[in-house]
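# Structure assessment
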Amino acid sequence: MQDGQKEPDPDDDPTRVVNQPSLTRSQGTVWLVVGGVMAAISVVLLLALRDVDSGATPLVAVAVIVLLYLAMVEVRLLVRPLRLRLGLMAVCFGAIAAVALLAVVLIGMGQVLP
């Protein structure tokens, strides 16, 4: 380091994942829109898979996905600290994707395995 210059703060690095605008400056609308699209696609897919799997897996997964999206809306409305709100909404979004993927894998395994 040259005289008079201070070390760069790693928290100011715009390339870090935790410093992206969707987790720092957004109000949460982006997460609601993307989460709604993900939830809608997942629900439509799982309802279509009811014909393949007569068990409860598709309907349970649909119920969980709807509850996760409602939790995302509640977080958007009720949580005040911005970073906490955005982080919780991101977790809900990831959980919607994970539940849909797990349900599809379980339905597929039920068709392959005796």
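The sections below set out a description of the structure shown in this document. All of these numbers come straight from a predicted model, not from anything done at the bench.

## Notes on the overall build of the chain
Regarding its fold elements, the chain presents four helices and zero strands. Each helix (α) and strand (β) of the chain, taken in turn from the N terminus, gives the series α-α-α-α. For the chain, with 114 residues in total, the buried portion stands at 27%. When contacts within the chain are restricted to residue pairs at least 6 apart in sequence, long-range pairs at least 24 apart make up 68% of them. Accessible area of the chain: about 7,500 Å², with a carbon and sulfur share of 69%.

## Structural notes on the nonpolar core
Judged by nonpolar contacts, the single largest core of 21 residues is most densely connected at W31, L46, I65, M72, M89 and I96. A per-element tally of this core places helix α4 (residues 82–112) first, with eight residues.

## What to know about the environment of L82
On the secondary structure map, L82 appears in helix α4. Judged by relative accessible area, which is 26%, L82 ranks as partly exposed. Taking the C-alpha atoms as reference points, L82 and Q27, 55 residues apart in sequence, are found 7.3 Å from one another.

## Describing α4
For α4, which comprises 31 residues, the first-to-last C-alpha distance of 45 Å matches the rise-based estimate of 45 Å (1.5 Å per residue) to within 8%. Among all positions in α4, only R85, L86, M89, C92, F93, I96, A100, A103 and I107 are buried.

## Some points on a nonpolar patch on the surface
Together, L101, L102, V105, L106, M109, V112 and L113 give the surface a local cluster of nonpolar side chains, amounting to about 680 Å² of exposed area. With respect to the helices and strands, V112 occurs in helix α4.

## Some points on the packing of helix α2 (residues 29–48) against helix α3 (residues 57–78)
At a minimum axis separation of 10 Å, α2 and α3 run at an interaxial angle of 170°. Between α2 and α3, the crossing angle belongs to the class labelled roughly antiparallel. Counting all contacts with α2, which are made through T29, W31, L32, G35, G36, A39, S42, V43, L46 and L47, the residues of α3 involved are P58, L59, A61, V62, I65, Y69, M72, V73 and R76. Taken together, the residues of the contact of α2 with α3 break down into 14 nonpolar, four polar and one charged.

## A few points about the packing of aromatic side chains
Taken as a whole and judged by the stated rule, the model has one aromatic pair. Summarising the aromatic geometry, the rings of W31 and F93 are spaced 5.8 Å apart at their centres and angled 55° between planes, so their arrangement reads as tilted. Here W31, found in helix α2, pairs with F93, found in helix α4; they are 62 residues apart in sequence, far enough to count as distant.

What counts and what doesn't
- Residues numbered from 1 in each chain as written.
- Predicted model: local features only at pLDDT ≥ 70, side-chain atom pairs only at ≥ 80, totals over all residues.
- Heavy atoms only, no water.
- Helix = DSSP H or I, 4+ residues; strand = E, 2+ residues; numbered from the N terminus.
- Buried < 20%, exposed > 50% of the residue type's maximum accessible area, 1.4 Å probe, protein only.
- Contact = heavy atoms within 4.5 Å.
- Areas by Shrake-Rupley, 256 points an atom, 1.4 Å probe, with all protein chains shown as cover.
- Core = buried A, V, L, I, M, F, W, Y, C linked by side-chain atoms within 4.5 Å.
- Expected span 1.5 Å × (residues − 1).
- Patch = residues over 30% accessible without salt bridge, like charges linked within 9 Å, V, L, I, M, F, W, Y side chains within 5 Å.
- Salt bridge = Lys/Arg side-chain N within 4 Å of Asp/Glu carboxyl O.
- Axes fitted to C-alpha atoms, helices over the stretch in contact; angles between N-to-C directions.
- Parallel < 35°, antiparallel > 145°, perpendicular 65-115°, else oblique.
- Nonpolar A, V, L, I, M, F, W, Y, C, P; charged D, E, K, R; others polar.
- Phe/Tyr/Trp six-rings, centres within 6.5 Å; stacked < 30°, edge-to-face > 60°.

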